[in-house]
Amino acid sequence: MNKKYLALPAVLVLAATVVTTVTLWPTELKKLREQNLCLGMLTEQTAGLLQDGKGGAVLVEEFIPDSQEGAAKSADPVFSTICFVNRENTEDKSGTRLLYTLEVDSTDMLSDSPEGSTGIGDGSTGWVGRRQSEVPLPEGCARKMKRPDARYITVTLKVSPAAIAGRDWDYTSLLKDSRTVIVEAVENLAKQYDCAA
C-alpha cells in the first residue's frame, strides 16, 4: 500500500481531535456564565448589594427583547439581553421588586456623566451616578467580542427608584454599591472575552 494514502486519514483524525478538544475545553466565558448571574457578569453576593432594605431572595431575569423588524438577532446574547435584578417580596412570595438592570452595548460614543456622578477611579474611565452608571470595557474588547466597528463596549447600570427610596436616599452608600456592581460586571466580561486591561 502506498504510504501517501495513509497521510490523509491521519490528518483527518488529528483535525477531528483538535476540533473536539477546542469545543469541549472549558473556557472562561463558559465557566463564568455557568457559575454567575447576568450572563456571567455578577456573583450572587454582588448582585444582592444594591437592595431596598426590605429583604427577600435575589431573583435574576435575563430578558431578550423581540428583535426589531428585519433586525438580525445577535449571535452573542450579551448584546441583546437585559439583566433584571429583583428581590422576592417577603410577605407575598408571588411578587418581586425591581432593583436595577444591567445592559451591554457597543457604541462609538460614551455618554456624558450626569450632574452628581463620580468617576469610576482606579485609572478607569466611566462614571457612577445616582440613577445610572456607565463604564466601558478595556480597549480591544470590541474586537474580541466581534464588534470591530464599535469604538467602545459599555456596561450600563440603571437603579430603580424603589432601591433609592429604600435606602432613605443615602446616595453615598448607593454610589459605593453601584460602583462595586458595575466594576465586577466589567471585570467579569473582560475575563470572559480575554480582553482585560
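This write-up is about the structure you can find in this document. (Residues numbered from 1 in each chain as written. Predicted model: local features only at pLDDT ≥ 70, side-chain atom pairs only at ≥ 80, totals over all residues. Heavy atoms only, no water.)

A few words on the overall build of the chain. Looking only at helices and strands, one finds 6 helices and 7 strands in the chain. Ordering the α and β elements of the chain from the N terminus gives α-α-α-β-β-β-β-β-β-α-β-α-α. Within the chain, the fraction of its 197 residues that count as buried is 37%. Across the chain, contacts joining residues at least 24 apart in sequence account for 63% of those joining residues at least 6 apart. Surface exposure of the chain reaches about 12100 Å², of which carbon and sulfur atoms provide 54%. (Helix = DSSP H or I, 4+ residues; strand = E, 2+ residues; numbered from the N terminus. Buried < 20%, exposed > 50% of the residue type's maximum accessible area, 1.4 Å probe, protein only. Contact = heavy atoms within 4.5 Å. Areas by Shrake-Rupley, 256 points an atom, 1.4 Å probe, with all protein chains shown as cover.)

Moving on, we come to helix H6 (residues 171-192). Relative to the 32 Å expected for 22 residues at 1.5 Å per residue, H6 spans 31 Å between its end C-alpha atoms, a close match to the ideal helical length. Of the residues flanking the start of H6, the one acting as N-cap is Asp-170, its side-chain oxygen 3.3 Å from the backbone nitrogen of Thr-172. Directly after H6, the chain includes Asp-194, whose backbone phi takes a positive value near 50 degrees. (Expected span 1.5 Å × (residues − 1). Polar contact = N/O pair within 3.5 Å; in protein donor to acceptor, adjacent residues only side chain to side chain.)

Quick look at the packing of aromatic side chains now. Aromatic ring pairs are defined here through the distance separating the ring centres and the angle between the ring planes. Scanning the model with the defined rule gives 2 aromatic pairs in all. Between Phe-63 and Phe-84 the ring centres are 6.2 Å apart and the planes differ by 65 degrees, which places this aromatic pair in the edge-to-face class. Here Phe-63, found in strand E1 (residues 58-63), pairs with Phe-84, found in strand E2 (residues 82-88); they are 21 residues apart in sequence, far enough to count as distant. When the ring centre of Tyr-171 is taken as origin, the NZ or CZ atom of Arg-130, which lies over that ring, is 4.0 Å away. Just above the ring of Phe-79 sits the side chain of Arg-147; from NZ or CZ to the centre is 3.9 Å. (Phe/Tyr/Trp six-rings, centres within 6.5 Å; stacked < 30°, edge-to-face > 60°. Lys NZ or Arg CZ within 6 Å of the ring centre and 35° of its normal.)

Let us look at the side chain of Thr-46. Looking at the secondary structure, you find Thr-46 in helix H3 (residues 44-47). Classification of Thr-46 by relative accessible area gives buried; the value is 8%. When neighbours within four sequence positions are excluded, Thr-46 is seen to be in contact with Tyr-100, Thr-180, Val-181 and Glu-184.

Here Tyr-193 lies in the segment after H6. With a relative accessible area of 9%, Tyr-193 lands in the buried category. Each C-alpha atom of the pair Tyr-193 and Lys-146 lies 9.9 Å from the other, and the pair is 47 residues apart in sequence.

Formed by 38 residues in total, the largest nonpolar core has its most connected members in Leu-42, Tyr-100, Leu-102 and Val-155. Looking at this core, the elements with two or more residues in it are E2, strand E3 (96-107), helix H4 (141-144), strand E7 (152-159), helix H5 (161-166) and H6. When residues no more than four places from it in sequence are discounted, the contact partners of Leu-42 are Asn-36, Leu-37, Ala-47, Tyr-100, Leu-102, Val-181, Glu-184, Ala-185 and Asn-188. (Core = buried A, V, L, I, M, F, W, Y, C linked by side-chain atoms within 4.5 Å.)

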